Amino acid sequence: MTTKSACPECADEVPINDSVRLNEIVECAGCRNELEIVALSPAVLALAPEVEEDWGE
């Protein structure tokens, strides 16, 4: 099943699959921003953090 949540940047509806996990990244079709799932039940979206140079070190 799929629910929808509003993009925090452009307010477009973003489809959220029920199998998503916390901190998963999804993309808004309207503004193409990467969004992070910051809460489940209900799904809450926030702009995903930018990749930092030291990630993975």
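The following refers to the structure shown. (Residues numbered from 1 in each chain as written. Predicted model: local features only at pLDDT ≥ 70, side-chain atom pairs only at ≥ 80, totals over all residues. Heavy atoms only, no water.)

## Description of the overall build of the chain
To keep it simple, the criterion reads: Helix and strand definitions here come from DSSP, where helices need a minimum of 4 consecutive H or I residues and strands a minimum of 2 consecutive E residues; each element is numbered from the N-terminal end. Per-residue accessibility, obtained with a 1.4 Å probe over protein chains only, is compared with the maximum for each type, and a residue is labelled buried under 20%, exposed over 50%, and partly exposed between these values. Computed with the Shrake-Rupley method and a 1.4 Å probe, the accessible areas treat only the protein chains shown as cover for residues.
Within the chain one finds zero helices and five strands. Ordered by position from N to C terminus, the α and β elements of the chain give β-β-β-β-β. Here the chain holds 57 residues, and 21% of them are scored as buried. For the chain, the exposed surface amounts to about 4,300 Å²; the carbon and sulfur share of it is 47%.

## Points about the nonpolar core
If you look at soluble globular proteins, the nonpolar side chains tend to sit buried side by side. What counts is decided by this rule: In this text, buried Ala, Val, Leu, Ile, Met, Phe, Trp, Tyr and Cys residues form a nonpolar core when linked through side-chain atoms within 4.5 Å. When checking whether two residues touch, look at their non-hydrogen atoms; a contact exists if any pair is within 4.5 Å.
Formed by Cys7, Val14, Ile16, Val20, Val26, Cys28, Leu35, Ile37 and Leu45, the largest nonpolar core amounts to nine residues. Among the elements of the structure, β2 (13–17) and β4 (34–39) are those that each provide at least two residues to this core. In this structure, Ile16 is in contact with Met1, Thr2, Thr3, Lys4, Ser5, Val26, Ile37, Ala43 and Leu45, ignoring residues within four places of it in sequence.

## Thoughts on the sheet that holds strand β3 (residues 25–27)
The following threshold applies: Strand pairing follows a simple DSSP-based rule, namely that at least 2 bridges must link the two strands. Lines fitted to C-alpha atoms define the axes here, with helix axes fitted over just the stretch in contact, and angles between the N-to-C directions of these axes take values from 0 to 180 degrees.
Read across the sheet, three strands follow the order β3-β4-β5 without closing on themselves; strand pairing throughout is antiparallel. Either end of the sheet is taken by a strand with one partner, and the two such strands are β3 and β5 (44–47). Taking each pair of neighbouring strands and ignoring which way they run, the sheet shows an average axis angle of 45°. Examined bridge by bridge, β3 and β4 share three bridges and lie antiparallel to one another. Residue Glu27 lies in a different strand from β4, and its bridge partner there is Glu34.

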